[in-house]
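Observations on the model geometry
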Amino acid sequence: MHLEEQQQAYLFYNIHDRTGADEEATKLHESLQFIGFTSEMVEWEFVTTLPHTIHETLSTIPTDAVSVVVVCIMSHGKLGALSDSAGSQIPVNYILHQLTDILPQEATLVSIGFLGWECPG
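Since the model is a prediction, treat every value here as computed from it, not as a measurement.

What follows concerns the overall build of the protein chain. When helices and strands are tallied, the protein chain shows four helices and six strands. Listing the helices and strands of the protein chain from first to last along the sequence gives α-β-α-β-α-β-β-β-β-α. Buried positions account for 39% of the 121 residues belonging to the protein chain. Residue pairs at least 24 apart in sequence account for 71% of intrachain contacts in the protein chain once pairs closer than 6 positions are excluded. In the form shown here, the protein chain has an accessible surface area of approximately 7,500 Å², with 54% of it arising from carbon and sulfur atoms.

So, in structure tokens, the structure goes:
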């Protein structure tokens, strides 16, 4: 088994009101590939479909062949919630609980982190 097969990254990104979001996600994707990750980019638009998109994408993780999984969810939001293009929101905690349930049980959970930026104005 090659190291690349053991390190997987998934970038879920939203471009609504985020000038340069495509480029930002692409740079992160390319950087992760450069350091040996198999990386997948998934654009999302609505919070109503985000949990299903995450579940469908992450359900393909080979449970016996992964040592590191990075999941990035890129979006604007505030007050502990992600925002979508329709103005709807979903609590970050909902996504974090979902990730805890989806990620392989055999994997050691080191940290769950979340980076978000609030849109000024």
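From this point, the narrative continues.
Take a negative patch on the surface next. A surface patch of like charges, here negative, comprises Asp22, Glu23, Glu43 and Glu45. A relative accessible area of 47% places Glu23 in the partly exposed class.

Calculation notes
Residues numbered from 1 in each chain as written. Predicted model: local features only at pLDDT ≥ 70, side-chain atom pairs only at ≥ 80, totals over all residues. Heavy atoms only, no water. Helix = DSSP H or I, 4+ residues; strand = E, 2+ residues; numbered from the N terminus. Buried < 20%, exposed > 50% of the residue type's maximum accessible area, 1.4 Å probe, protein only. Contact = heavy atoms within 4.5 Å. Areas by Shrake-Rupley, 256 points an atom, 1.4 Å probe, with all protein chains shown as cover. Patch = residues over 30% accessible without salt bridge, like charges linked within 9 Å, V, L, I, M, F, W, Y side chains within 5 Å. Salt bridge = Lys/Arg side-chain N within 4 Å of Asp/Glu carboxyl O. Lys, Arg positive; Asp, Glu negative; His and termini not counted. Charge placed at Lys NZ, Arg CZ, Asp CG, Glu CD.

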